Amino acid sequence: MEMIERILPVLLVLMPLFFLVGMLPDQTDVHVDSALTNFSQKFLQTSGFVFDKVFTSLPVSKASDKYHTYARQDFWRDQGDRLMLLGDSAPVARGGYRMSTGSYSCDVRAFGKAISKGVRSNADAVINPDQDAVDFVTQALMVRLEAQWMAEFFVTGIWGTTSTLSGTSQWSDYDDSDPITAVDNGKQAIGDLTGLEANTFLCGSAVDLKLKRHPIVQALYKVSNVESISDEMMARVLGVQRYLVARAVKATDVEGATAAFARIAGKHALLCYTAPDGSDGATAGKVFKWDGWGADSGIAIQSYYENQSRSDIVEGFSAVDFKITSTALGYMFIDAVA
């Protein structure tokens, strides 16, 4: 009892302080979490696609049409002196050449995104629904076009010559492989058939990394790390005008499942000759782009308001046809690296 009497005055003094501490605001009391207005994260692939870069582009006014082709052997045949030597009063020998036709057909692909009135009016300040919709449909179309190009042209058995590498011939074997000689042989093969020298080299990202680390390549530039070697330097090493790397990635999972990703291009390489845009000369392939259905990338965007769904609709369109115009102007390396 005596003890209680002694501590009771102390408790009476401290009690208000306990209540006061309980009433003080802490950091969670003075702030309500909300979205930042100066940062959001969205993954966009703005480079690494090559579907519109490898072949020569040609705008066309019709969805489908034909084009003329000439038999190159008829132009290059040695007629010999029997025909060329002109005798006195003799008629000039004459010859001819064969012609044929090829065709193209631009399929229209489209993909869209709806922006409901509720989404637009309820979006945080940092969210731009219109730009997000444009990015969404554009990326979807670009991934589809890249995957289509790779499935049709970055595979075995398509081009005039296909070389499947294995073991010590693969460019990931730094002891025994020689990628520069391999490319030179490919250029020679194309030249032997067409009289043209390959000017474009395309490879997947895995091949690019192995090439830039290859001792033969690094010795030429006297460097010891991949970061020191640019794509332009690789073009000079291989003796081509353009060194292209297909770096684009696609999602491989089913929507709603665990996210999974893969490079669209395989561990291959393509050596080819492509004429400049606007040229009507021989070229490995053409990208026929139907006018009105896409800009330089081959993708057009349109938007409109849909009364029924009370939504703004953003749609993307592409109308192109990727076409090999000469298999002889391509040389494919399959499994260029392990």
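What this report covers is the structure whose coordinates are included nearby. Please read all numbers here as calculations on a predicted model, not as lab measurements.

### Things to note about the sheet that holds strand 6 (residues 200-204)
Step number 1: Read from one edge of the open sheet, 5 strands run 5-14-10-6-7, paired in mixed fashion. Two strands in the sheet have a free side with no partner beyond their single neighbour: strand 5 (161-164) and strand 7 (242-246). The average undirected angle you get between the axes of adjacent strands in this sheet is 15°.
Step number 2: One ladder, built from 4 bridges, connects strand 6 with strand 10 (residues 269-272); its direction is antiparallel. Pairing of T200 across the sheet is with C272, part of strand 10.

### Some remarks on helix 7 (residues 205-213)
Step number 1: Along helix 7, the residues classified as buried are S205, V207, D208, L211 and K212. Taken around the axis of helix 7, the buried residues stretch over an arc of 155°, which confines them to a single face.
Step number 2: Buried positions along helix 7 lie against helix 6 (179-194), strand 6, helix 8 (215-221), helix 9 (231-238), strand 7 and strand 9 (261-263).

### So, the side chain of S57
Step number 1: With respect to the helices and strands, S57 occurs in strand 1 (residues 56-60).
Step number 2: Setting aside residues up to four positions removed in sequence, S57 forms contacts with D52, D277, G278, V287 and K289.

### Focus: the nonpolar core
Most often, soluble globular proteins keep nonpolar side chains buried together rather than apart.
Step number 1: Ranked by internal contacts, the top residues of the largest apolar core, which has 60 residues, are W149, W171 and F201.
Step number 2: Ranked by residues supplied to this core, first place goes to helix 5 (residues 129-153) with 7 residues.
Step number 3: Once residues lying within four places of it in the same chain are set aside, the contact partners of F201 are W171, V183, L211, L238, V240, R242, Y243, L244, A269, L270 and L271.
Step number 4: Among the nonpolar cores identified, the runner-up in size contains 6 residues, and V60, Y104, C106 and A319 belong to it.

### Brief notes about the pattern of salt bridges
Step number 1: Under the defined criterion, the tally for this structure stands at 12 salt bridges.
Step number 2: Among the salt bridges present, the one from R77 reaches D74, with a minimum N-O distance of 3.1 Å.
Step number 3: With a relative accessible area of 10%, D74 lands in the buried category.
Step number 4: Salt bridges linked by common partners bring D208, K212, D231 and R247 together as one network.

### What to know about the packing of aromatic side chains
Step number 1: Inspection of every chain in the model, using the stated rule, returns 16 aromatic pairs.
Step number 2: Pairing F55 with W159 gives two aromatic rings, centres 6.2 Å apart and planes at 70°, and the pair type is edge-to-face. Of this pair, F55 sits in the loop between helix 1 (2-23) and strand 1 while W159 is found in the loop between helix 5 and strand 5, placing the two residues 104 residues apart along the sequence. Here F55 matches W159 in class, with each residue buried.
Step number 3: Consider the rings of F111 and F136, whose centres lie 5.5 Å apart with planes at 45°: the pair is tilted. Here the residue F111 occupies a position in strand 4 (residues 107-116), and F136 occupies one in helix 5, the gap between them amounting to 25 residues.
Step number 4: Three or more aromatic residues joined by ring pairs make a cluster, and in this case those are W171, F201, Y243, Y331 and F333.

Thresholds applied
Residues numbered from 1 in each chain as written. Predicted model: local features only at pLDDT ≥ 70, side-chain atom pairs only at ≥ 80, totals over all residues. Heavy atoms only, no water. Pairing = 2+ DSSP bridges. Helix = DSSP H or I, 4+ residues; strand = E, 2+ residues; numbered from the N terminus. Axes fitted to C-alpha atoms, helices over the stretch in contact; angles between N-to-C directions. Buried < 20%, exposed > 50% of the residue type's maximum accessible area, 1.4 Å probe, protein only. Arc of directions from axis to C-beta. Contact = heavy atoms within 4.5 Å. Core = buried A, V, L, I, M, F, W, Y, C linked by side-chain atoms within 4.5 Å. Salt bridge = Lys/Arg side-chain N within 4 Å of Asp/Glu carboxyl O. Phe/Tyr/Trp six-rings, centres within 6.5 Å; stacked < 30°, edge-to-face > 60°.

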